[in-house]
Amino acid sequence: QRLRRRVDAVMVGAGTIRADNPTLLPRFSHKPPVLRVVAAGGKGLPANARVLCDADATRTIVAVPAHVSKMRRAAWSKGGARIWSFSTSCDRVPLKALLQRLGREGLLHVLCEGGGRLATELLRSKLVDDVILFFAPAILLGGIDGFQGKALPLFRAIRGRIIETRRVREDWMVHFVPEWRLRECSRV
């Protein structure tokens, strides 16, 4: 909740919206609600998702490949959400282009809350400055082998440095900085 209150935008993939139907809004915030960004690929979103229908729907951006139908776009924007279209040859939103457009809009601090595919693609594309992981005293079966449930060879691991660990109620928070960000910081 504190992370959500500190950022300009909270970003998720369409799978997170379909699975959890979150509001993505921080509780007990005194500033205007954060902008909500949904990277929606080919499978799309339910038109009754909270981020599209609640009182803050005008603070939602749905990023889609250009080939998404006008009918789907109209359904998603009915409550006031903005639709951003991106040229791409696949069913995925080009994340670098999405982040660049968010930057041009003045949204410089973006929190990605998942899901697994979105987080993996952001990391793979080196579009991440910091990773904050929360470890809870629970195990989700089928998902402990990595973000997407697949074991990867160690040489493909993302290296970096843990710069902070702390307890947050029952959970543990780990703040990790990827190696590419460490190299950028050392050049400054």
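Before reading on, note that the structure itself is shown above.
We now turn to the structure provided with this report. (Residues numbered from 1 in each chain as written. Predicted model: local features only at pLDDT ≥ 70, side-chain atom pairs only at ≥ 80, totals over all residues. Heavy atoms only, no water.)

**Here's the deal with the overall build of the chain**
In terms of regular secondary structure, the chain is built from 7 helices and 8 strands. By the burial criterion, 32% of the 188 residues in the chain qualify as buried. The long-range fraction of contacts in the chain, counting pairs at least 24 apart against all pairs at least 6 apart in sequence, stands at 58%. A total accessible area of about 11800 Å² is found for the chain, and carbon and sulfur atoms account for 53% of it. (Helix = DSSP H or I, 4+ residues; strand = E, 2+ residues; numbered from the N terminus. Buried < 20%, exposed > 50% of the residue type's maximum accessible area, 1.4 Å probe, protein only. Contact = heavy atoms within 4.5 Å. Areas by Shrake-Rupley, 256 points an atom, 1.4 Å probe, with all protein chains shown as cover.)

**Some remarks on the sheet that holds strand β4 (residues 82-86)**
Spatial strand order, β4-β3-β2-β1-β5: 5 strands in an open sheet with parallel pairing. A single partner strand is all that each edge strand has here, and the edge strands are β4 and β5 (110-114). Geometrically, the sheet is characterised by an average inter-axis angle of 25 degrees between neighbouring strands, direction not taken into account. Of the pairings in the sheet, the one linking strand β1 (residues 9-13) to β5 comprises 4 bridges and is parallel in character. Across the sheet, the residue bridging to M11 is C112, located in β5. (Pairing = 2+ DSSP bridges. Axes fitted to C-alpha atoms, helices over the stretch in contact; angles between N-to-C directions.)

**A look at the pattern of salt bridges**
Enumeration according to the criterion identifies 6 salt bridges in this entry. With its nearest N and O atoms 3.8 Å apart, the salt bridge here joins E121 to R92. With a gap of 29 residues between them, E121 in helix α6 (residues 116-124) and R92 in the loop between β4 and α5 (95-104) connect regions that are remote in the sequence. Judged by its relative accessible area of 25%, E121 falls in the partly exposed class. Through salt bridges that share partners, R92, E121 and R124 make up one connected network. (Salt bridge = Lys/Arg side-chain N within 4 Å of Asp/Glu carboxyl O.)

**Description of the nonpolar core**
Of all hydrophobic cores here, the largest spans 21 residues; its most connected members are V37, L98 and L102. Filtering out sequence-adjacent residues up to four positions away, L98 remains in contact with M11, V37, A39, A63, W84, F86 and V93. Counting 19 residues, the second-largest nonpolar core is a separate cluster that includes V34, A40, V64 and L111. (Core = buried A, V, L, I, M, F, W, Y, C linked by side-chain atoms within 4.5 Å.)

**Digging into the pairing of strand β7 (residues 160-168)**
Across 8 bridges, β7 lies against strand β8 (residues 171-178) in antiparallel orientation. Across the sheet, the residue bridging to I162 is F176, located in β8. What sits between the antiparallel neighbours β7 and β8 is a turn of 2 residues, in which R169 has the positive phi angle 55 degrees.

**Structural notes on unusual backbone geometry**
Of all residues except glycine, most have a negative phi; of all peptide bonds, most are trans. Despite not being glycine, K126 shows a phi value in the positive range, around 55 degrees. With respect to the helices, strands and loops of the structure, K126 is situated in the loop between α6 and β6 (131-135). Its identity as a non-glycine residue notwithstanding, R169 has a phi of 55 degrees, on the positive side. Of note, R169 is situated in the loop between β7 and β8.

**Examining a positive patch on the surface**
On the surface, a cluster of positive charge is contributed by R2, R6, R27 and R169. With respect to the helices and strands, the residue R6 is situated in helix α1 (residues 2-6). (Patch = residues over 30% accessible without salt bridge, like charges linked within 9 Å, V, L, I, M, F, W, Y side chains within 5 Å. Lys, Arg positive; Asp, Glu negative; His and termini not counted. Charge placed at Lys NZ, Arg CZ, Asp CG, Glu CD.)

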